[in-house]
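# Structural overview for review
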Amino acid sequence: MEKNKPRQPRQQHATNPANAGAAIAAPPAEVFDFKGTLKKLLGLLKPDRGAFIIAVILAALSVLSTVLAPRVLADAVNILADFAQESMLAIQNAASAAGLVSNVTPIDFTAIAWTLAAVAALYALAAALSYLQQRIIIRITQKLIWSLRQQLSQKMDKLPLRYFDRKPIGDTLSRITNDVDLINTNLQQVMTQTLTSLIMIVGILVMMFVINWVLALISLIALPVTMLLTAYVAPKAQRFFGRQQSQLGELNGIIEENYAGHSVIRAFNHEAASIERFKQTNDRLFGSSWKAQFLTSILMPIFSLVTNIQFVLIVAIAAILTRPEVIFLGQNIGGLQIGLILAFIQYVYLFQQPMITVAQMANLIQGTIAAAERVFELLDEEEEVPDDPDSAAHDERPLGAVDLQQVSFDYVPEKPLIRDWTLQVKPGQMVAIVGPTGAGKTTIVNLLMRFYDADGGKILVDGIDTQALTRAETRDLFGMVLQDTWLFSGTILENVAYGRAGARRDEVVEAAKTAFADHFIRTLPDGYDTVLQEDAQNLSVGQRQLLTIARAVLRDAPIMILDEATSSVDTRTEKLIQAAMARLMEGRTSFVIAHRLSTIRDADQIVVMQAGRIVEVGNHEQLLEAGGFYADLYLSQFAEDDDA
């Protein structure tokens, strides 16, 4: 199994021209089927197509209002410019003939006021429309993410255990959390900013060509320069960003390992080695991060230089175009008013922002599609075979007779594990399953519980094939006490009551008494209402195991499975747990997996496994007399106990 590397925090992206370098700040993400993934993602938007169309219309109107404002403002500037020109003429005339100053036309403040009011109204309208568009887009994206999370939640319940055996847990969790969160954040930005920016680019270009097509063509000179520069620098920066993300994942893995194993590291005096390992990885991360940030940071000064040269060129050409007699290609392109020149310069400045945003969104789209592809891969995983809708069911409480008939099973097809497993268990019998590690003991438990379905043969309970039952009905037949005591963050009462839905408090207490857990529970500050910390660290290993036994008692299933339930406790606690398990197994069929053979001497049947096959079956005395594999295991453990 490959080592899982956690996904890393996303690069932040600027949205204004001053942060042009951020346009390539996102790390590259490999996409295998861009078109197919995009189609699936857009398919999730189908229920909100009407709302999306409205958002597009609002965006177009908002951009139109924003784009028209500089052109309207140009009229006010032209009024002032005309007044200034007439004033200069009047001053010149006054020098030759006194009294002509009165011919100066006064400033039309009313026209200016109306123009400024129109500009303010356009900007206010643009803001209001943009606000409405943002609200609609946010609602659309959040509904999409809600739907995606719902699908993932349902998918997790349908995935077979084979999936979890071959996939790292961290990778699956990363798809459900980090990737969905990345889609959530990026999709909202992409849908709002890309939509607005594209419309803005078109609108500004139209206005620039309307004002003066010569200046418009000149203003586009910087565009290919910027694009070529970005195309040259971006791949180099992205390569270093990719290394940065990989090394950041490695660094986080080291931190996690050091934190989880800090006591072991100290016990073996490996602090210096751990620090050195962290330092080397951190140094590599520093080098990659520095190079990536440097390459992106040099773009801004270059972009600024190109833009400033462009402004100088535009102003110079515009100054020439103010003369009425300028002819170009047989056309009179002169007589350009000052207000229009200022409006054009404003359009040139506004044009930079959506261009940078579009370049920026291209990287976000790449990351979004990459994350969506990983999520859709999980959603497309093969699911468990659905339960038979016409499944059989037990009309009365099952007796607990179990019959395994030539059961075969492989986790991996080319590596056979269980072969021709045949065993009959009478109601109320205790069956112990022993054997070396990897013999297939826990696999039998997985097959009984239908965590996996057998590849061949049958497993019958009271004569009914478990595959003819639903998985829920099959699992209702069993109670389990495992070596790993899973307890969740909640009260002790809630953890024990987890064994049976709707259990009353007095039933929980009675189950705890049966499991010899009531005494230690009442010694806790809040008794049954004591809240367990993460992983129940405020309880000892033995106490946690007694709680799981109490949970199994409360379940009151006809068949019990106990898998290495005493392997992690001391001898005194083991005896207490054994007494609790003895009570638990009274009147029930039970399967016990144990390495300590001394704990299963009283088993009705002891099944000895080796390499996935049953090599011996009998009780303790019979197997010792046979002098086979079990006898060798038992005598070796007995000798170890004597040496101890």
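What this report covers is the structure whose coordinates are included nearby. What you see is a predicted model, and the numbers here were worked out from it, not measured in a lab. (Residues numbered from 1 in each chain as written. Predicted model: local features only at pLDDT ≥ 70, side-chain atom pairs only at ≥ 80, totals over all residues. Heavy atoms only, no water.)

If you trace the six strands from one edge of the open sheet to the other, you get 8-9-10-5-11-12, paired in mixed fashion. Every other strand in the sheet has two partners, leaving strand 8 (478–482) and strand 12 (613–618) as the edge strands with one partner each. Here the average twist between neighbouring strands, direction ignored, is 20 degrees. In the sheet, strand 8 pairs with strand 9 (residues 559–563) via five bridges, with the strands oriented parallel. Note on strand 9: the bridge partner recorded for F478 is I559. Strands in contact with helix 17 (residues 541–555) are strand 8 and strand 9; relative to strand 8, the strand with the most contacts, it is inclined by about 175 degrees. (Pairing = 2+ DSSP bridges. Helix = DSSP H or I, 4+ residues; strand = E, 2+ residues; numbered from the N terminus. Axes fitted to C-alpha atoms, helices over the stretch in contact; angles between N-to-C directions. Contact = heavy atoms within 4.5 Å.)

Taken together, the side chains of D602, D604, E621 and E625 define an acidic patch exposed on the protein surface. E621 sits in the partly exposed class, given a relative accessible area of 47%. (Patch = residues over 30% accessible without salt bridge, like charges linked within 9 Å, V, L, I, M, F, W, Y side chains within 5 Å. Areas by Shrake-Rupley, 256 points an atom, 1.4 Å probe, with all protein chains shown as cover. Salt bridge = Lys/Arg side-chain N within 4 Å of Asp/Glu carboxyl O. Lys, Arg positive; Asp, Glu negative; His and termini not counted. Charge placed at Lys NZ, Arg CZ, Asp CG, Glu CD. Buried < 20%, exposed > 50% of the residue type's maximum accessible area, 1.4 Å probe, protein only.)

Strands sit in the order 4-3-6-7 across an open sheet of four strands; the sheet is antiparallel. Either end of the sheet is taken by a strand with one partner, and the two such strands are strand 4 (418–425) and strand 7 (464–465). Of the pairings in the sheet, the one linking strand 3 (residues 402–409) to strand 4 comprises five bridges and is antiparallel in character. If you follow V407 over to strand 4, its bridge partner there is W421. Sheet strands touched by helix 12 (residues 441–448): strand 3, strand 4 and strand 6 (456–461). Its angle to strand 3, the strand with the most contacts, is close to 115 degrees.

Enumeration according to the criterion identifies 17 salt bridges in this entry. For D179, the salt bridge identified is with R374, shortest N-O distance 2.6 Å. Note that D179 is positioned in helix 5 (residues 169–211) and R374 in helix 11 (residues 338–379), a separation of 195 residues in sequence. One exposure class covers both D179 and R374, and it is buried. In this structure, D453 engages R471 in a salt bridge whose closest nitrogen and oxygen atoms are separated by 3.3 Å. Of this pair, D453 sits in the loop between helix 12 and strand 6 while R471 sits in helix 13 (residues 471–476), placing them 18 residues apart in sequence. Residue class for D453 comes out partly exposed when judged on its relative accessible area of 22%. In this structure R471 comes out as buried when scored by relative accessible area, which is 7%. Among the charged side chains, a salt-bridge network with shared partners connects R500, R504, D506 and E507.

For the rest of this paragraph, the subject is the packing of aromatic side chains. Evaluation of the coordinates by the stated rule reveals six aromatic pairs. Ring geometry for F409 and Y452: centres 5.4 Å apart, planes at 55 degrees, overall tilted. Of this pair, F409 sits in strand 3 while Y452 sits in the loop between helix 12 and strand 6, placing them 43 residues apart in sequence. Per residue, the accessibility class of F409 equals that of Y452, and both read buried. Here the aromatic residues W486, F488 and Y498 are joined through ring pairs into a cluster of three or more. (Phe/Tyr/Trp six-rings, centres within 6.5 Å; stacked < 30°, edge-to-face > 60°.)

Taken together, K35, K39, K46 and R49 make up a surface patch of like positive charges. Along the chain, the position of R49 falls in helix 2 (residues 49–96).

Most of strand 10 (residues 589–593) is tucked away: five of the five residues are buried. Bridge analysis of strand 5 (residues 430–434) against strand 10 gives four bridges, and the strand direction is parallel. Pairing of A432 across the sheet is with V592, part of strand 10. As defined by bridge partners, strand 9 adjoins strand 10 across five bridges and the pair is classed as parallel. Among the inter-strand pairings, L562 is bridged to a residue of strand 10, identified as V592.

Let's shift gears to helix 9 (residues 271–297). Spacing of three or four residues puts side chains on the same side of an α-helix, whose turn is 3.6 residues. In this model helix 9 runs 38 Å from its N-terminal to its C-terminal C-alpha over 27 residues, within 8% of the 39 Å that 1.5 Å per residue would give. Those residues of helix 9 not exposed but buried are S274, T281, L285, S288, S289, A292, L295 and T296. (Expected span 1.5 Å × (residues − 1).)

Interhelical geometry of helix 15 (residues 505–514) versus helix 17 gives an angle of 120 degrees and a closest axis separation of 8 Å. In this view, helix 15 runs oblique relative to helix 17, as classed from their interaxial angle. Note that helix 15 runs across helix 17; the crossing there is right-handed. On the side of helix 15, the interface is formed by E507, V508, A511, A512 and T514, while helix 17 contributes A550, V553 and L554. Class assignment of the residues belonging to the contact of helix 15 with helix 17 gives a composition of six nonpolar, one polar and one charged. (Parallel < 35°, antiparallel > 145°, perpendicular 65-115°, else oblique. Left-handed = near helix turned anticlockwise from the far one by under 90°. Nonpolar A, V, L, I, M, F, W, Y, C, P; charged D, E, K, R; others polar.)

Time to look at the pairing of strand 5. Burial within strand 5 is extensive, with five of its five residues counted as buried. As judged from the four bridges shared by strand 5 and strand 11 (residues 605–610), these two strands associate in the parallel manner. Along strand 11, the bridge assignment pairs A432 with I606.

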